[in-house]
Amino acid sequence: MSVENHLLFIPRSVLHSSVLGFEAFACFLLLTAVCAFCLAPGGFAWALCKVRAFRAIPGPTGYPFIGSLTVFTGLTRHRVLAKMAKSFKAESLMSFSVGLTRFVIASHPESAKEMLNSTAFANRPVNETAYELLFHRAMGFAPYGEYWRNLRRIAATHLFSPKRVVGSEVFRREIGMKMVEELKRLMTENGEVQVKKVLHFGSLNNVMMTVFGRCYEFDKGGDGLELESLVTEGYELLGVFNWSNHFPFLGWLDLQGVRKRCRNLVLTVSVFVGKIIEEHRLERAKGDNFEKEKVGDFVDVLLDLEEDDKLSDSDMIAVLWEMIFRGTDTVAILLEWILARMVLHPEIQSKAQSEIDAMVGSTRTVQGSDIPNLPYLQAIVKECLRVHPPGPLLSWARIAIHDVYVGDNFVPAGTSAMVNMWAITHDDKVWTEPEKFSPERFMAEDVSIMGTDLRLAPFGSGRRVCPGKALGLATVQLWLAQLLQNFTWVASENCDVDLSECLKLSMEMKSPLVCKVVPRLV
Ligand code: HEM
């Protein structure tokens, strides 16, 4: 007898109530399953994870389906994440979800070191924006492997070697002096200066010179301004929270227009950078203008690569563009924070100036070789990297290439991994009086900031540590010395120094620094 025939013999009322009961039971089961799913530690994306036989990593459940999305839409996600890790007692490792993306974040030096130094985390998640901007073919997002290793080796030898960093000091100093002149001009014109623009243009020129062998004039418009707008657009695009990175089914809609903007940007950048590469080729073809012994720029280095290492034109454009892009803002942003601190702490500023005066005197301008004799100035830079790290979340996440343990925590392959460097540098178990701005702490203890000591690793650590760290640091230290030797930095009566933060791709000052500069050298 079929099931339908059976049902014919059950009284209607009984049948009706049992169907209702079944429906209620099914709803209850579904609701429990959804709740269990959504209330899983770490949230929805973690609940979806097939590997369930592991101890859950503590973390917020977030909202159903969207998870902790709101973290990423605020201006200070490093602070929000630090607070969350504390409240879940998950400083060592915290899990959370944003849409379908699983995250872990380390807010403790030990777990941060373990993660950053493990080959399991030597890849980066390539989000849609980075992919559209062709960054997967440049060093920062290239998958861990032969192509990436080659790029790192070439850059380490020809762009970031100690010899190259020292060798490029002359034009770095020249650019520093141009910034000094520009600040004087702006001060005379306006009675105060907004330093961000000057620092940004100086920094852009510095990287341009190293990479392309080109320099642009301040405030002259033309190619310099176009390049600046291209870098700004790229920065903005990478800083935008792109929904389709975490909700792939929304991808085709391009709701925020990110893909369209990326494609337009890539076209313009390809023409801009392609033209510079062509000019280099022409110069080399002429032969007599191109001296073989000349220390070439990075374009020359890439054009000189042997057959096996040779890059296609589009790969070369990606590599060169990324260097410009990465090297510009970090340096300018860090210097702006430092100068804001100088305005706020005149006693620290004058101590640094006394050090410069004692070591350099007032008859010559400071240079790169003076920096080792200026420990207090170096301590100021370190303290600013601690209090205002340009990459509080180390800017670029990593991704677990395969299943791996971090401490006792099982992290499945494909999980995005971040380090909250800001949380570590503001942890009172790691630093005494972390909120206090005190360069003196680094006079008492010499802490390496190059990636070995995870209490302060603003350039990251491990295989994907910032390759430009020595160049970036040398630039910031020299320019700070020049700016302090030439000016006393004081508050403008129209504008207070506001230390509010705004984390886009890097952590910028929310209200750009506006102040006065008073010439010291006459
Ligand atoms: C104050 C200056 C700078 C800071 C604070 C900084 C910070 C960082 C950080 C935190 C990372 C990620 C490291 C990690 O995942 O462990 C990084 C990567 C990178 N940085 Fe920097 N950076 C600076 C200057 C520069 C400069 C001047 C350049 C080049 C001209 C540069 C090029 C790169 C590149 C190419 C990567 C990707 C490396 C890879 O994935 O293999 N950076 N940087």
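Residues numbered from 1 in each chain as written. Predicted model: local features only at pLDDT ≥ 70, side-chain atom pairs only at ≥ 80, totals over all residues. Heavy atoms only, no water.

## Focus: the overall build of the chain
- What the chain contains, in helices and strands, is 20 helices and 11 strands.
- Within the span of the chain, comprising 522 residues, buried residues form 54% of the whole.
- Taking as baseline every contact in the chain between residues at least 6 positions apart, the subset at least 24 positions apart corresponds to 72%.
- Carbon and sulfur atoms make up 59% of the accessible area of the chain, which totals about 23800 Å². (Helix = DSSP H or I, 4+ residues; strand = E, 2+ residues; numbered from the N terminus. Buried < 20%, exposed > 50% of the residue type's maximum accessible area, 1.4 Å probe, protein only. Contact = heavy atoms within 4.5 Å. Areas by Shrake-Rupley, 256 points an atom, 1.4 Å probe, with all protein chains shown as cover.)

## Details of the packing of aromatic side chains
- Using the criterion set out here, one finds 15 aromatic pairs in the structure.
- Relative to Trp-148, the ring of Tyr-144 lies with its centre 5.3 Å away and its plane at 55 degrees, an arrangement referred to as tilted.
- Looking at Tyr-144, the relative accessible area reads 26%, which means it is partly exposed.
- For the cation-ring pair, Arg-137 lies above Tyr-147, with the distance from its terminal atom to the ring centre recorded as 4.0 Å.
- Its end group placed over the ring of Tyr-144, Arg-149 keeps NZ or CZ at 5.4 Å from the ring centre. (Phe/Tyr/Trp six-rings, centres within 6.5 Å; stacked < 30°, edge-to-face > 60°. Lys NZ or Arg CZ within 6 Å of the ring centre and 35° of its normal.)

## Concerning the site of the ligand
- Within the structure, the ligand sits among 25 residues, and Arg-124, Arg-152, Arg-398, Arg-464 and Cys-466 are positioned closest to it.
- Interatomic distance of 3.4 Å between a backbone N/O atom of Gly-140 and an oxygen atom of the ligand.
- Arg-398 places a side-chain nitrogen or oxygen 2.7 Å from an oxygen atom of the ligand.
- At the level of elements, α8 (146–158) and α15 (313–344) are the ones that each hand at least two residues to the shell around the ligand.
- Ranked by residue count, the leading element in the shell around the ligand is α15, at 6 residues.
- Within the shell around the ligand, the residues separate by chemical class into 13 nonpolar, 6 polar and 6 charged. (Near = heavy atom within 4 Å. Polar contact = N/O pair within 3.5 Å; in protein donor to acceptor, adjacent residues only side chain to side chain. Nonpolar A, V, L, I, M, F, W, Y, C, P; charged D, E, K, R; others polar.)

## Quick look at the sheet that holds strand β2 (residues 101–106)
- Here we have 4 strands laid out as an open sheet, ordered β1-β2-β7-β4, and mixed in their pairing. On the outer flanks of this sheet lie β1 (94–98) and β4 (398–399), each paired with one strand and no other.
- Packed on one face of the sheet, helix α5 (residues 77–87) meets β1, β2 and β7 (416–419) and runs near 130 degrees to β1.
- Docked against the sheet, helix α6 (residues 109–116) engages β2, β4 and β7, running at close to 135 degrees with respect to β7. (Pairing = 2+ DSSP bridges. Axes fitted to C-alpha atoms, helices over the stretch in contact; angles between N-to-C directions.)

## As for the sheet that holds strand β11 (residues 514–519)
- Overall, antiparallel pairing links the 3 strands, which are arranged β3-β11-β8 in an open sheet. If you trace the sheet from one side to the other, it starts and ends with β3 (193–194) and β8 (487–491), each paired once.
- Across 5 bridges, the pairing between β8 and β11 is antiparallel. Bridging from a neighbouring strand, Phe-487 pairs with Pro-519 of β11.
- Strands in contact with helix α10 (residues 169–190) are β3, β8 and β11; relative to β8, the strand with the most contacts, it is inclined by about 45 degrees.

## Regarding the state of the cysteines
- Taken as a whole, this structure holds 0 disulfides when the rule is applied.
- In this model Cys-262 remains outside any disulfide bridge; the closest cysteine sulfur is found in Cys-502, 19 Å from its own.
- Relative accessible area serves as the criterion here: at 0%, Cys-262 is assigned to the buried category. (Disulfide = S-S within 2.5 Å.)

## Quick notes on the packing of helix α16 (residues 346–360) against helix α20 (residues 469–486)
- Interaxial distance between α16 and α20 falls to 9 Å at its minimum, and their mutual angle equals 95 degrees. Classified by the angle their axes make, α16 and α20 are roughly perpendicular. Across from Gln-349, Ala-352, Gln-353, Ile-356 and Val-360 in α16, the residues of α20 making contact are Ala-481, Leu-484 and Gln-485.
- In terms of residue class, the contact of α16 with α20 is made up of 5 nonpolar, 3 polar and no charged. (Parallel < 35°, antiparallel > 145°, perpendicular 65-115°, else oblique.)

## With respect to the coordination of the iron atom of the ligand
- The sole protein-derived ligand of the iron atom of the ligand is Cys-466 (SG), positioned 2.3 Å away.
- Here Cys-466 lies in the loop between α19 (440–444) and α20. (Donors = N, O, S within 2.8 Å, 3.2 Å for Na, K, Ca; no water.)

## Some words on the pairing of β2
- Of all 6 residues in β2, 6 are buried; the element is thus mostly enclosed.
- Across 5 bridges, the pairing between β1 and β2 is antiparallel. Note that in β2 the partner of Met-94 across the bridge is Ile-105.
- Hairpin geometry of β1 and β2 is characterised by an intervening segment of 2 residues between the two adjacent antiparallel strands and by a positive phi of about 55 degrees at Gly-99.

## Some words on the pattern of salt bridges
- Considering all chains together, one arrives at 27 salt bridges under this definition.
- In this structure, Glu-182 engages Arg-185 in a salt bridge whose closest nitrogen and oxygen atoms are separated by 2.9 Å. On the criterion of helical spacing, the pair formed by Glu-182 and Arg-185 is a turn pair, its members being 3 residues apart in helix α10.
- Residue Glu-182 is classed as buried on the basis of its relative accessible area, which comes to 10%.
- Under the relative-accessibility criterion, Arg-185 is labelled partly exposed at 31%.
- Measuring nitrogen to oxygen at the nearest pair gives 2.9 Å for the salt bridge that ties Arg-281 to Glu-278. With Arg-281 and Glu-278 both in helix α13 (residues 258–286) and 3 residues apart, this pair spans about one turn of that helix. (Salt bridge = Lys/Arg side-chain N within 4 Å of Asp/Glu carboxyl O.)

## Digging into the UniProt feature "binding site: heme" (unreviewed entry) in the chain
- In the UniProt entry, the feature "binding site: heme" (unreviewed entry) is given for Cys-466.
- Overall, Cys-466 belongs to the partly exposed group, its relative accessible area being 28%.
- Residues in contact with Cys-466, not counting those within four places in the same chain, are Arg-152 and Phe-459. (UniProt positions renumbered as here; feature names shortened; annotations may be inferred.)

## A look at the side chain of Asp-315
- By secondary structure assignment, the location of Asp-315 is in helix α15.
- Asp-315 sits in the buried class, given a relative accessible area of 10%.
- Polar side-chain contacts of Asp-315 include one of 2.7 Å to the side chain of Arg-137.
- Here Asp-315 is in contact with Arg-137 and Tyr-147, once residues within four sequence places are set aside.

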